[in-house]
Amino acid sequence: MNANDGAIRKVGVVGCGLMGSGIAEVCVRNGLDTLVYEVNGEALESGRGRINQSLARAVERGKLAAADRDAAMAALEFTTDLTDFADRDLAVEAVPEDEELKTGIFATLDRVMLRPDALFASNTSSIPIMKLGAATTRPGQVMGLHFFNPVPVLDLVELVPSLVTTDTAWSRMRHFATDVLGRHVIASQDRAGFVVNSLLIPYLLAAIRMFESGFAVAQDIDEGMVRGCAHPMGPLALTDHIGLDTTLAVAESLYAEFKEPLYAPPPLLSRMVEAGHLGRKAGRGFYAYPAHVAR
């Protein structure tokens, strides 16, 4: 295959938090030249440690050979300078769910990525892709590539083209997600929340309202859905897993787009985010978590 065959070989991941680290891990484990960006050295080291821990767990579970883990960590590259993305075939943005932050990153990527056929993807949970593409001079090459946490475990990806995404960009991104990364792909129109969160967020918010009203305690709400509906995790525990700040941001995006009451964040959710009770990553949400899982 030659250099103009449209194949994605060099990937840049912007952000190395829970989602970005998982995306970077999946990319490097599938043999891709993977470069990870973070805002400073401290954040990079935290992200590097997160990837290393995830790979170590894969080895412990027999899902990955120790030699492959070592090879993956050796192959990963890290940077605090987005101009290092100049040679990337694809950049995947995986920063917090903040529209202004994301559009700023896309504008910068548009300037620094020199390949005329470079693709731009966002891991956004809810922000319409057209808004992000409009921050670039190449909106036809921008798509949503929405992974699910934990990325190395859950194989679903939502592919979201905007109104102006080209057929070529769609085909290349679908090939990348399915044939290169081995993901199961579902397609969504460019609407806030896409498929999964448009269904999930009202369910989570309903559970929060039930808890907020004193209708039932958290454990009973969760056990009702686990034992009564065969859900693997109850809605409040799932909100803690996702992050209350992320849940709030997605709900606000959905409400801004549709103005439907089922998407309106309950006051309790806003207060908990303001208090820093963000779920597992903060050690406290609807439940308390030991320090070793609060990361």
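These numbers come from a predicted model, not from an experiment.

A. Here's a closer look at helix α10 (residues 244-258). With 15 residues, α10 ought to run about 21 Å at 1.5 Å a step, and its terminal C-alpha atoms sit 21 Å apart, in line with that. Along α10, the residues that are buried comprise Leu244, Thr247, Leu248, Ala249, Val250, Ala251, Ser253 and Leu254. Its buried side turned inward, α10 meets α7 (196-212), α9 (235-242) and α11 (267-274). At the exit of α10 stands Lys259, carrying a positive phi of roughly 55 degrees.

B. Broad picture of the pattern of salt bridges. Under the definition given, this model contains 14 salt bridges. Of the charged contacts, one joins Glu97 and Lys102 as a salt bridge, the two residues approaching to 3.7 Å between their closest N and O atoms. Look at the salt bridges and you will find they share partners, linking Lys10, Asp33, Asp87 and Arg88 into a network.

C. Seen up close, the packing of aromatic side chains. Following the criterion strictly, the structure yields 2 aromatic pairs and no others. Note on Phe211 and Phe286: the rings are 5.6 Å apart at their centroids and 90 degrees apart in plane angle, and the pair reads as edge-to-face. On the criterion of sequence distance, the pair formed by Phe211 in helix α7 and Phe286 in the segment after α11 is long-range, its members being 75 residues apart. When its relative accessible area of 10% is taken as the criterion, Phe286 is described as buried. With centroids separated by 5.7 Å and ring planes inclined at 35 degrees, the aromatic side chains of Phe258 and Tyr263 adopt a geometry described as tilted. What makes Phe258 partly exposed here is its relative accessible area of 31%. Sitting over the face of the ring of Phe78, Arg48 holds its NZ or CZ atom 4.2 Å from the ring centroid.

D. Representation of the side chain of Asp89 in the model. Positionally, Asp89 belongs in the loop between β3 (77-79) and β4 (90-93). Within the local environment of Asp89, its side chain forms a polar contact with the side chain of Arg115, the two groups lying 3.0 Å apart.

E. Inspection of the environment of Arg183 at higher detail. By secondary structure assignment, the location of Arg183 is in the loop between α6 (167-180) and β8 (184-187). The spacing of Arg183 and Val157 is 26 residues in sequence and 6.4 Å in space, taken between C-alpha atoms. Setting aside residues up to four positions removed in sequence, Arg183 forms contacts with Val26, Phe147, Val151, Pro152, Leu154, Asp155, Val157, Ala177 and Thr178. At a separation of 2.9 Å, a polar atom in the side chain of Arg183 contacts the main-chain carbonyl oxygen of Leu154.

F. Layout of the nonpolar core. Formed by 38 residues in total, the largest nonpolar core has its most connected members in Val11, Leu90, Leu145 and Phe176. Here the element with the most residues in this core is helix α1 (residues 18-29); it accounts for 6 residues. Counting residues in hydrophobic clusters, the runner-up holds 20 residues, among them Leu82, Phe85, Phe106 and Leu109.

G. Structural detail: the layout of surface pockets. Each pocket or cavity is described by its volume, and for the largest pocket that value is around 1300 Å³. Together, 46 residues line the largest pocket, and Leu18, Met19, Asn149, Ile242 and Thr246 are the ones closest to its centre. Partitioned by chemical class, the residues of the lining of the largest pocket number 26 nonpolar, 12 polar and 8 charged. As a volume, the second largest pocket reaches approximately 780 Å³. The wall of the second largest pocket is formed by 30 residues, among which Ser54, Arg57, Asn149, Pro150 and Pro152 lie closest to the centre. Elements that contribute at least two residues to the lining of the second largest pocket include exactly α1, α2 (41-60) and α9. Here the lining of the second largest pocket is composed, by residue class, of 11 nonpolar, 8 polar and 11 charged.

Rules and cut-offs
Residues numbered from 1 in each chain as written. Predicted model: local features only at pLDDT ≥ 70, side-chain atom pairs only at ≥ 80, totals over all residues. Heavy atoms only, no water. Helix = DSSP H or I, 4+ residues; strand = E, 2+ residues; numbered from the N terminus. Expected span 1.5 Å × (residues − 1). Buried < 20%, exposed > 50% of the residue type's maximum accessible area, 1.4 Å probe, protein only. Contact = heavy atoms within 4.5 Å. Salt bridge = Lys/Arg side-chain N within 4 Å of Asp/Glu carboxyl O. Phe/Tyr/Trp six-rings, centres within 6.5 Å; stacked < 30°, edge-to-face > 60°. Lys NZ or Arg CZ within 6 Å of the ring centre and 35° of its normal. Polar contact = N/O pair within 3.5 Å; in protein donor to acceptor, adjacent residues only side chain to side chain. Core = buried A, V, L, I, M, F, W, Y, C linked by side-chain atoms within 4.5 Å. 1 Å grid on protein atoms, 1.4 Å probe; cavity = no way out; pocket = protein on both sides within 12 Å on 5 of 7 lines; lining within 4 Å. Points joined across faces, edges and corners; volume = space filled by probe spheres on them. Nonpolar A, V, L, I, M, F, W, Y, C, P; charged D, E, K, R; others polar.

So far we have only geometry, and geometry alone does not tell us how the molecule works.
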